[in-house]
Amino acid sequence: MKITNICCIGAGYVGGPTMAVIAAKCPHIKVTVVDLNEKRIADWNNPDINKIPIYEPGLNEIVEKSRGKNLFFSTEVDKAIDEAQLIFISVNTPTKTYGTGKGMAADLKHIELCARQIAKVSKTDKIIVEKSTLPVRTAEAIKSILDNTGNGVQFQILSNPEFLAEGTAVQDLLNPDRVLIGGETTPKGDEAIASLVEVYANWVPEERILKTNVWSSELSKLTANAFLAQRVSSINAISELCEKTEANVNEVAKAIGMDSRIGSKFLKASVGFGGSCFQKDILNLVYISKAFGLNEVADYWEQVIIMNDHQKRRFSKNIVQTLYNTVSGKKIAFLGWAFKKDTNDTRESAAIYVADDLINEQAKIALYDPKVERPQVLSDLNYLETRCSSQNEDSIQNFKNPYEACENSHAIAILTEWDEFKEYDWQKIYNIMLKPAFIFDGRNLLDAKKMNEIGFVYQSIGS
Ligand code: UDX
Ligand code: ADP
């Protein structure tokens, strides 16, 4: 089937950027991104391109290029489904917060709703593409819903996981290491795969487009994220050992990373990984493994999460201990709330957990993040349900200016590696802080020597 009309259900961090790039690279294809969330769609349609709901370097330009031409954002889900030959499902699949598998399994209610909607509306044959990260064998469940509609429409289900990382989404989409497409190993399945390959072939070299069966594709996505997260937890485990010895984790990372078998990426010690994927996908892997009775496999991967939780907790604990075992009533400046630089996404950000611990110790947090707004910060803290929302509001203050956030603070905690933090006038910040002036650098971002020379008591992860 030659694809000329695509619908994407879900206008989030995955669906939005991915469709913007497909539209830009395939001017002959009409791409409609739909979402139930009216505000989100209105934001994507905001005439002021700087107000689109997701911050990603380069995204504005690419959306602006096609929006209103062959890229559309709409709440008319049924219409878009009806018109499309190919439908991407990019809805969120958070970890379940209730019932069986609570805290572990993926909540597939949004996916199931999409499948039912597609089944209800479709009058012509369609290719359905899983874009969201899903537990292995979800395609089977989608297929079962679609095949039992009884209106004679044929569906082919493909798995096409997204490997983009936030903050570099546009670059990752324009120049992917690989595109993975899993489909049924039948002539109809092959045909569906070929149709999707043709879309990507508009800008991705064919040798980078991998074809597998559906289950391999679904499992590869979970495995890729588990391996990446495991590297971060591995180096974080070493960072604690470094702090007890004379070793420096940056030097260790560099030394091992130069071994071409290990490679240098994803070896940056930090206050802990965040983001919507790593923890969720590992929990998923653990849950599936347990379901098959593979307890050793489950325990092995679960350790990656245990290490990550430990890393966040020990960071906050260290702040309290260093500040003479009490932070009660003390102003602690937070630089960064996003889970990594160049994104306004805060899901599972380490900053949330560190703040929660410090608020428990009655600290007053003064936050500056270049892209995250106060309502998001409060919603992140309230989600933990540690205390009532008014207490959270009293305990954290947002600043539009980093210098004001740091003024009269006892300590600064660096939680996100925003580039601009390196450019600050640190002498000026030192002058306006209470003394001794502490910096707890959770990202190994600043120059230790320079900070010590200014007079800060400077501590970074793993040294
Ligand atoms: C990840 C995967 O990289 C991507 O392929 C997948 O599609 C989605 O999940 P993302 O979560 O957007 O992407 O960001 P990533 O760059 O992987 O960072 C995840 C977390 O790990 C961040 O909190 C980051 O700060 C942390 N991290 C990463 C480290 O602490 N150290 C590192 O060396 C690398
Ligand atoms: P991701 O990071 O996976 O893209 P997001 O939460 O950013 O996750 O985006 C998922 C989007 O999917 C949300 O905007 C949500 O409103 C939307 N969504 C969820 N279920 C449905 C549905 N049944 N129909 C349309 N949109 C949906």
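First, a word on what this report is: a plain description of the structure on this page.

Description of helix H10 (residues 249–257)
Here comes step 1: Buried within H10 we find Val249, Ala253 and Gly257. Buried positions in H10, seen along its axis, are confined to an arc of 65° and lie on one side of it. Relative to its buried face, H10 has exposed residues pointing more than 90 degrees away, namely Glu251, Lys254 and Ala255.
Here comes step 2: Those residues of H10 hidden inside the fold are in contact with helix H9 (214–244).
Here comes step 3: By the N-cap criterion, in which a side-chain oxygen at the helix start approaches the backbone nitrogen of a residue two or three places on, H10 is capped by Asn248, the distance to Asn250 being 2.7 Å.

Some points on the side chain of Ser289
Here comes step 1: Along the chain, Ser289 falls in helix H11 (residues 278–291).
Here comes step 2: When residues no more than four places from it in sequence are discounted, the contact partners of Ser289 are Leu294, Val297 and Ala298.

Some thoughts on the state of the cysteines
Here comes step 1: For the structure shown, the criterion picks out zero disulfides.
Here comes step 2: As a non-bridged cysteine, Cys26 has Cys8 as the owner of its nearest cysteine sulfur, 14 Å distant.

Considerations on the site of ligand 2
Here comes step 1: The full set close to ligand 2 counts 15 residues, and Tyr13, Val14, Asp35, Arg40 and Arg347 are the nearest of them.
Here comes step 2: Val14 is positioned with one of its backbone polar atoms (N or O) 2.9 Å from an oxygen atom of ligand 2.
Here comes step 3: Protein burial of ligand 2: of its 580 Å² of free accessible surface, 87% is covered by the chains.
Here comes step 4: A per-class count over the shell around ligand 2 returns six nonpolar, six polar and three charged.

Considerations on empty space enclosed by the protein
Here comes step 1: Scanning the model with the defined rule gives one cavity of 30 Å³ or more in all.
Here comes step 2: Considering only enclosed or pocket space, the largest cavity measures out at about 50 Å³ in volume.
Here comes step 3: Considering the residues around the largest cavity, the lining is formed by Glu130, Ser132, Thr133, Leu134, Ser159, Pro161, Ser217, Glu218 and Lys221.
Here comes step 4: Sort the elements by how many residues they give to the lining of the largest cavity and H9 lands first, with three residues.
Here comes step 5: Looking at the lining of the largest cavity, its residues break down into two nonpolar, four polar and three charged.

Quick word on the site of ligand 1
Here comes step 1: The immediate surroundings of ligand 1 are formed by 20 residues, with Phe163, Glu166, Ser270, Lys340 and Arg443 found nearest.
Here comes step 2: A distance of 2.7 Å separates an oxygen atom of ligand 1 from a polar backbone atom of Glu166.
Here comes step 3: In the environment of ligand 1, an oxygen atom lies 2.8 Å from a nitrogen or oxygen atom belonging to the backbone of Lys268.
Here comes step 4: Across the complex, the protein chains shield 90% of the 670 Å² of accessible surface that ligand 1 would expose by itself.
Here comes step 5: Here the element with the most residues in the shell around ligand 1 is H9; it accounts for four residues.
Here comes step 6: Of the residues assigned to the shell around ligand 1, the class counts are 11 nonpolar, three polar and six charged.

Looking at the layout of surface pockets
Here comes step 1: Taken as a whole, the second largest pocket encloses approximately 410 Å³ of empty space.
Here comes step 2: Glu243, Lys244, Arg314, Phe315 and Asn318 are the residues nearest the centre of the second largest pocket, which is lined by 17 residues in total.
Here comes step 3: Elements supplying a minimum of two residues to the lining of the second largest pocket: H9, helix H12 (295–322), strand S13 (438–441) and strand S14 (457–460).
Here comes step 4: Take the lining of the second largest pocket: its biggest share by element is eight residues, from H12.
Here comes step 5: The residue makeup of the lining of the second largest pocket, split by class, is three nonpolar, seven polar and seven charged.

What about the packing of aromatic side chains?
Here comes step 1: Evaluated as defined, the whole model comprises 15 aromatic pairs.
Here comes step 2: Centroid distance Phe334 to Trp337: 6.4 Å. Interplanar angle 40°. Geometry classified as tilted. Taken individually, Phe334 and Trp337 each receive the classification buried, so the pair is uniform in this respect.
Here comes step 3: Between the aromatic rings of Trp426 and Phe456, the centroid separation amounts to 6.0 Å while the plane-to-plane angle is 75°, which identifies the pairing as edge-to-face. With Trp426 in helix H17 (residues 426–432) and Phe456 in the loop between helix H18 (448–454) and S14, this pair connects stretches of sequence that are 30 residues apart. Accessibility assignment for this pair places Trp426 and Phe456 in one class, buried.

Some thoughts on the sheet that holds S14
Here comes step 1: Strands sit in the order S11-S10-S9-S12-S13-S14 across an open sheet of six strands; the sheet is parallel. One side of each edge strand has no neighbouring strand; the edge strands of this open sheet are strand S11 (396–398) and S14. Sheet twist, expressed as the average angle between the axes of neighbouring strands with direction ignored, equals 20°.
Here comes step 2: The sheet contact formed by strand S9 (residues 331–335) and strand S10 (residues 364–368) spans five bridges and is parallel. Within S10, the residue paired with Ala333 across the bridge is Ala366.

Looking at a nonpolar patch on the surface
Here comes step 1: Taken together, the side chains of Phe292, Leu294 and Val297 define a hydrophobic patch exposed on the protein surface, amounting to about 290 Å² of accessible area.
Here comes step 2: Relative to the helices and strands, Val297 is located in helix H12.

Topic: the packing of helix H1 (residues 15–25) against helix H3 (residues 59–66)
Here comes step 1: Remark: H1 packs on H3, axes separated minimally by 9 Å, with the N-to-C direction vectors making an angle of 50°. As the angle between them shows, H1 and H3 are arranged oblique. Taken as a pair, H1 and H3 cross one another with a handedness that is left-handed. Across from Pro17, Ala20, Val21, Ala23 and Ala24 in H1, the residues of H3 making contact are Leu59, Ile62, Val63, Lys65 and Ser66.

Definitions and cut-offs
- Residues numbered from 1 in each chain as written.
- Chains lettered and ligands numbered in written order.
- Predicted model: local features only at pLDDT ≥ 70, side-chain atom pairs only at ≥ 80, totals over all residues.
- Heavy atoms only, no water.
- Buried < 20%, exposed > 50% of the residue type's maximum accessible area, 1.4 Å probe, protein only.
- Helix = DSSP H or I, 4+ residues; strand = E, 2+ residues; numbered from the N terminus.
- Arc of directions from axis to C-beta.
- Contact = heavy atoms within 4.5 Å.
- Polar contact = N/O pair within 3.5 Å; in protein donor to acceptor, adjacent residues only side chain to side chain.
- Disulfide = S-S within 2.5 Å.
- Near = heavy atom within 4 Å.
- Areas by Shrake-Rupley, 256 points an atom, 1.4 Å probe, with all protein chains shown as cover.
- Nonpolar A, V, L, I, M, F, W, Y, C, P; charged D, E, K, R; others polar.
- 1 Å grid on protein atoms, 1.4 Å probe; cavity = no way out; pocket = protein on both sides within 12 Å on 5 of 7 lines; lining within 4 Å.
- Points joined across faces, edges and corners; volume = space filled by probe spheres on them.
- Phe/Tyr/Trp six-rings, centres within 6.5 Å; stacked < 30°, edge-to-face > 60°.
- Pairing = 2+ DSSP bridges.
- Axes fitted to C-alpha atoms, helices over the stretch in contact; angles between N-to-C directions.
- Patch = residues over 30% accessible without salt bridge, like charges linked within 9 Å, V, L, I, M, F, W, Y side chains within 5 Å.
- Salt bridge = Lys/Arg side-chain N within 4 Å of Asp/Glu carboxyl O.
- Parallel < 35°, antiparallel > 145°, perpendicular 65-115°, else oblique.
- Left-handed = near helix turned anticlockwise from the far one by under 90°.

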